[in-house]
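Observations on the three-dimensional arrangement
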Amino acid sequence: MRIAIPDDYQDCVRGLACFGKLAGHEVTVFHDTLHDPVALAERLQDFDAVVLTRERTRIGAEVLARLPRLRLISQTGKVAAHVDLAACTAHGVAVADGRGSGAATAELTWALLLASRRHLVDEANRLRAGQWQGHLGQQLFGQRLGIWSYGRIGSQVARYGRAFGMQVWVWGREASTAAARADGFDVAPSREAFFAESDAICLHVRLVPQTQGLVTRADLARMKPSAVLVNTSRSELIEDGALVDALRAGRPGFAAVDVFDQDLEPLQGGHPLLALPNALCTPHIGYVERDNFEHYFGTAFDNIVAFAQGQPRNIVNPEVLGARPD
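First things first, this report covers the structure right here in the doc. The shown structure was predicted, so the numbers you read here are calculated from the model rather than taken from an experiment. Residue positions are given per chain, counting from 1 as you read along its sequence in written order. In keeping with the model being predicted, local features are shown solely for residues with a pLDDT of at least 70 and side-chain atom pairs are shown and tallied solely at 80 or more, while totals for entire chains, interfaces and linings include all residues. The basis for every side-chain value is the complete set of non-hydrogen atoms in the structure, without hydrogens or water.

**Quick notes on the sheet that holds strand S3 (residues 49–53)**
One bridge is not enough; two strands pair if DSSP finds at least two bridges between them. Labels follow the DSSP assignment, with helices taken as runs of H or I lasting at least four residues and strands as runs of E lasting at least two, numbered in each case from the N terminus. Taken together, the 5 strands give an open sheet; going across it, the order is S2-S1-S3-S4-S5, and neighbouring strands pair in parallel fashion. Each of the sheet's edge strands pairs with one partner strand only, and the pair in question is strand S2 (26–29) and strand S5 (94–96). Averaged over all pairs of adjacent strands, the angle between their axes in this sheet comes to 20°, without regard to strand direction. In the sheet, strand S4 (residues 72–76) pairs with S5 via 3 bridges, with the strands oriented parallel. Bridging across to S5, Leu72 finds its partner in Ala94. Its contacts with the sheet put helix H11 (residues 290–308) on strand S1 (2–5), S3, S4 and S5, and the angle it makes with S4 is roughly 160°. The axes are straight lines fitted to the C-alpha atoms, using for helices just the contacting stretch, and the angles between their N-to-C directions are given from 0 to 180°. Pairs of residues are marked as contacts when any of their non-hydrogen atoms sit within 4.5 Å.

**Focus: the layout of surface pockets**
The way it works is a 1 Å grid over only the protein atoms, where trapped points that fit a 1.4 Å probe form a cavity and open points with protein on both sides within 12 Å along at least five of seven lines form a pocket, and then any residue with an atom within 4 Å of a point lines it. Grid points are joined across faces, edges and corners, and a volume is the space filled by probe spheres set on the points. Estimates place the volume of the second largest pocket at around 340 Å³. In terms of residue count, helix H10 (residues 242–249) provides more of the lining of the second largest pocket than any other element does, 3 residues in total. Classes in brief: Ala, Val, Leu, Ile, Met, Phe, Trp, Tyr, Cys and Pro nonpolar; Asp, Glu, Lys and Arg charged; the others, Gly included, polar. Class assignment of the residues belonging to the lining of the second largest pocket gives a composition of 9 nonpolar, 7 polar and 6 charged.

**A short note on the pattern of salt bridges**
Whenever a carboxyl oxygen of Asp or Glu lies within 4 Å of a side-chain nitrogen of Lys or Arg, that contact is scored as a salt bridge. Going through the model one piece at a time under the given rule, you end up with 12 salt bridges. A salt bridge links Lys224 to Asp199, with the shortest nitrogen-to-oxygen separation between them at 2.8 Å. Taken together, the residues Lys224 in the loop between helix H9 (217–221) and strand S10 (228–231) and Asp199 in the loop between helix H8 (191–197) and strand S9 (200–203) connect sequence positions 25 residues apart. Close ionic contact of Arg217 with Glu239 constitutes a salt bridge, the shortest N to O distance being 3.4 Å. Linking Arg217 in helix H9 with Glu239 in the loop between S10 and H10, this pair joins segments that are 22 residues apart in sequence. What makes Glu239 partly exposed here is its relative accessible area of 31%. Here the salt bridges do not stand alone but share partners, grouping Arg191, Asp219 and Arg222 into one network. Buried, partly exposed and exposed residues are distinguished by accessible area as a fraction of the type maximum, computed with a 1.4 Å probe on protein chains only: under 20%, between the cut-offs, and over 50%, respectively.

**A few points about the packing of aromatic side chains**
Here is the rule: rings of Phe, Tyr and Trp (six-membered ring for Trp) pair when centre to centre is within 6.5 Å. Planes less than 30 degrees apart are stacked, more than 60 are edge-to-face, and the remainder are tilted. Within this structure, the stated rule accounts for 12 aromatic pairs. Aromatic side chains Phe30 and Phe47 sit 6.2 Å apart centroid to centroid with 85° between the ring planes, which places their arrangement in the edge-to-face category. Residue Phe30 is located in the loop between S2 and helix H1 (37–44), and its partner Phe47 is located in the loop between H1 and S3; the two are separated by 17 residues in the primary sequence. Like Phe47, Phe30 is buried. Consider the rings of Tyr287 and Phe293, whose centres lie 5.1 Å apart with planes at 50°: the pair is tilted. For the residue pair Tyr287 and Phe293, the accessibility class agrees, reading buried in each case. Taken together, the aromatic side chains of Phe19, Tyr287, Phe293, Tyr296, Phe297 and Phe301 make up a single cluster linked through ring pairs. One residue, Arg2, lies across the ring of Phe47, its end atom 5.2 Å from the ring centre. Criterion for a charge above a ring: Arg CZ or Lys NZ at most 6 Å from the ring centre, at most 35 degrees from the ring normal.

**A few points about H10**
Of all the positions in H10, only Ala242, Leu243, Val244, Ala246 and Leu247 are classed as buried. Where H10 is buried, its residues contact H9, S10, strand S11 (254–257) and strand S12 (279–281). Among the residues trailing H10, Gly250 stands out with phi positive, at a value near 90°.

**A look at the packing of helix H4 (residues 103–117) against helix H6 (residues 154–163)**
Close contact between H4 and H6 brings their axes to 9 Å; oriented N to C, the two are set at 40°. Taken as axis vectors, H4 and H6 run oblique relative to one another. When you trace H4 past H6, the crossing you get is right-handed. On H6, the residues touching Ala103, Ala106, Glu107, Thr109 and Trp110 of H4 are Gln156, Val157, Tyr160 and Gly161. Under this scheme an angle from 65 to 115 degrees is roughly perpendicular, one under 35 degrees roughly parallel, and one over 145 degrees roughly antiparallel; angles in between are oblique. Crossing handedness: left-handed means the near helix sits turned counterclockwise from the far one by under a right angle, and right-handed means the same turn made clockwise.

**Quick notes on the nonpolar core**
Here the nonpolar core consists of buried residues drawn from Ala, Val, Leu, Ile, Met, Phe, Trp, Tyr and Cys, with membership extended through side-chain atoms lying within 4.5 Å. In terms of nonpolar packing, the biggest core is built from 29 residues, with Trp148, Leu220, Leu229, Ile238, Leu243 and Leu273 touching the most fellow members. Looking at this core, the elements that each hand over two or more residues are H8, S9, H10 and S11. Looking at this core, the element that brings in the most residues is H10, giving 5 residues.

What is shown is where atoms sit, not what they do.
Written out as structure tokens, the structure is:
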């Protein structure tokens, strides 16, 4: 099969041990992202399969209509709204996905929280510049940690908070809060209390049309001037422009973000958050970790090999195969 792997920003996929699984196939790796559907279709028109790195590239009906040769999209991780599943099915394109632990993103969430509370980046930069201490940090022990959505990642972050001696409570859908209670965590009495009384809030909500803009300006305005908001999920969970305005107003007093609007990633220039002294920004690296890549790409490559051998697996639209789900 002719296989395309777009969006390999760091040129790292060929260096993964799992890349050897594609031996015998013709693989082309691209290191940039194309947002224009016509340009994207032109790039992918000669390939039988495409490996998507999370949600970096969108495959919609306009692109699929120009890809008559495409037979398989193999997704690293779970398929989300960046792939038009109905259009794939209509065009006879099978879509395969995988699963992961979310540990890499949970760990980065905690790293960002710790770095924010202790002004770690600023202090390291001051020392390099020949300066000594410049900030008074804040410990996490004894503080209130709010987790929005107690799922695969949120549950891990909640356990980190417990290990650090924080008072952890959860907000989210009924199933999420029920799972948190079962694990011995508190549930916030209300959305208003969750934002007003938390010293740190971490967002771990999946982005779907119903959750876009979930966190509003009013929510942010309730946060303490001493509070920190950490977002390693999706930028679009927060009302457009609200976080920048809230940080300028001082509620919350600090934010750590690893994500930007999908249409802007990878950032090619400035962003208002990057100019704020009370924001710590990283370039969407929560998922970008070697063991994580080995697992996710290894599964994606296994799915391609199985498909090429006539034994498709992990297909989320099995109707294109004329068979029942495996």
